[in-house]
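Summary of structural features
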Amino acid sequence: MKVKAAAKINLMLDILGTLPDGYHSLFMIMQSVDCCDTVEVNRAETGTGKIVIRTADERVPKDERNIAYKAAQAFFEKTGVKNPGIEIAIKKKIPMAAGLAGGSADAAGVLYCLNSIFETDLPLLELARVGECVGADVPFSLIGGTALCMDKGGVIAPLRPLKNCTVLLCKPDMGVSTVSAYKMIDSAPRIRHTDKNAMLYAMHHGDYKLMCEKADNVFEQVVEVPKRPHIKGIMRGYGADLTLMSGSGPTVYGLFSDEDSAKACANMLRRDFREVFVCKPVEHGVTVVE
């Protein structure tokens, strides 16, 4: 079975505190975009009982370090299905260590495929609870669209879809460790929190202008991305309605009402940056290819 697994951007990201189990309590407004990895899952012909990951991208781990591998393990553990041996093929397009949930999208794709292949028929929200065991962004990556995600990412409420706009992604040539980013948040003497009430009002009423004004990401206060001001400046110069870092970074995105302006901005950014993508918002996290 083959699926497309969508990247995400954060329209808002705040950290509310620490939960009793030591994890962070999150407040995230997420949006799926059509920059996608391709994930294919098949039963192994030899019945090995193993999980095998295949990819042409040498940066992608092929063992237990891969969140897609962990998602497969969690699926078999939580459902009680005996693993006869599976092969997972991942074709990367979503930049890695970028704040776009590329690994989580792959994990979501694996869970979606396994749920179908082994006919466990878990509803998406139940499958999302399995995904929550391996990563905070996996539940949203399964459900997709536009949503508020809270707690460890497993509390999800759908929101009014984002208006028809163009999303421009630009990843500087660096990576950011999510674990390190959370440690920086924990050690920061003071964090200015986001205007969550106004943002929810804007999303509920479809107020695009107010949403662009209130969009915020607390990681911008602690994660240093030297090229971020430069990228934002170029995007604003081409008419972006909003510029913000996604997740723990370093990717910066811009929302554009005019698609031609976004494409012109992308051409300018490609002079200095290799990973630049012009995208559209989408309403699903995982879509079946075949």
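Right above here is the structure, for reference.
Please read all numbers here as calculations on a predicted model, not as lab measurements.

Our next topic: the packing of aromatic side chains. Applying the stated criterion across every chain, the model contains four aromatic pairs. A ring pair is formed by Phe 75 and Phe 76, whose centres lie 5.5 Å apart and whose planes are at 75°; its orientation type is edge-to-face. Assigned by exposure class, Phe 75 and Phe 76 land together as buried. Taken together, a centroid distance of 5.6 Å and an interplanar angle of 80° make the contact between Phe 76 and Phe 118 edge-to-face.

Further remarks concern the pattern of salt bridges. Throughout the structure, instances matching the rule amount to 14 salt bridges. Of the charged contacts, one joins Asp 173 and Arg 274 as a salt bridge, the two residues approaching to 3.2 Å between their closest N and O atoms. Of this pair, Asp 173 sits in the loop between strand S7 (166-171) and helix H5 (178-187) while Arg 274 sits in the loop between helix H9 (259-269) and strand S11 (275-279); the two residues are 101 residues apart in sequence, bridging distant segments of the chain. The exposed category is assigned to Asp 173, whose relative accessible area is 65%. Given the relative accessible area of 65%, Arg 274 is considered exposed. With a closest N to O distance of 3.2 Å, Asp 195 and Lys 214 form a salt bridge. Of this pair, Asp 195 sits in the loop between H5 and helix H6 (196-205) while Lys 214 sits in helix H7 (residues 208-214); the two residues are 19 residues apart in sequence, bridging distant segments of the chain. For Asp 195, a relative accessible area of 36% corresponds to the partly exposed category. Overlapping salt bridges, with partners in common, bring together Asp 37, Lys 92 and Asp 106 in one network.

Moving on to the packing of helix H2 (residues 102-117) against helix H3 (residues 124-132). Packing of H2 against H3 leaves a shortest axis separation of 10 Å and a crossing angle of 125°. Put simply, H2 runs oblique to H3. Relative to H3, H2 is oriented so that their crossing is right-handed. Together, Leu 111, Tyr 112 and Asn 115 of H2 and Leu 124, Leu 127, Val 130 and Gly 131 of H3 make up the contact between the two elements. The class makeup of the residues in the contact of H2 with H3 is five nonpolar, two polar and no charged.

To continue, consider helix H8 (residues 228-237). Restricting attention to buried positions, one finds in H8 the residues Arg 228, Ile 231, Lys 232, Ile 234 and Met 235. In an axial view of H8, the angular spread of the buried residues amounts to 160°, which keeps them on one side of the axis. Turned more than 90 degrees off the buried face of H8, the exposed positions are Pro 229 and Gly 237. Looking at the buried side of H8, the elements it contacts are S7, strand S9 (242-245), strand S10 (252-256) and H9.

For the rest of this paragraph, the subject is unusual backbone geometry. If a residue is not glycine, its phi is most likely negative; likewise, a peptide bond is most likely trans. Look at the link from Gly 249 to Pro 250: it is a cis peptide, with omega at 5°. With respect to the helices and strands, the residue Pro 250 is situated in the loop between S9 and S10. One non-glycine residue, Glu 119, lies in positive phi territory at about 50°. Note on placement: Glu 119 falls in the loop between H2 and H3. The phi dihedral of Asp 151 is positive, around 65°, even though this residue is not glycine.

Membership of the largest hydrophobic core comes to 65 residues, with the highest contact counts inside it found for Leu 11, Ile 88, Leu 169, Met 211 and Leu 255. Counting residues per element, this core draws most heavily on helix H1 (residues 67-79), at eight residues. Excluding residues that lie within four positions of it along the chain, Leu 11 makes contacts with Ile 29, Gln 31, Leu 162, Met 199, Met 203, Met 211, Ala 215, Asp 216, Leu 244, Tyr 253 and Leu 255.

Analysis parameters
Residues numbered from 1 in each chain as written. Predicted model: local features only at pLDDT ≥ 70, side-chain atom pairs only at ≥ 80, totals over all residues. Heavy atoms only, no water. Phe/Tyr/Trp six-rings, centres within 6.5 Å; stacked < 30°, edge-to-face > 60°. Buried < 20%, exposed > 50% of the residue type's maximum accessible area, 1.4 Å probe, protein only. Salt bridge = Lys/Arg side-chain N within 4 Å of Asp/Glu carboxyl O. Helix = DSSP H or I, 4+ residues; strand = E, 2+ residues; numbered from the N terminus. Axes fitted to C-alpha atoms, helices over the stretch in contact; angles between N-to-C directions. Parallel < 35°, antiparallel > 145°, perpendicular 65-115°, else oblique. Left-handed = near helix turned anticlockwise from the far one by under 90°. Contact = heavy atoms within 4.5 Å. Nonpolar A, V, L, I, M, F, W, Y, C, P; charged D, E, K, R; others polar. Arc of directions from axis to C-beta. Core = buried A, V, L, I, M, F, W, Y, C linked by side-chain atoms within 4.5 Å.

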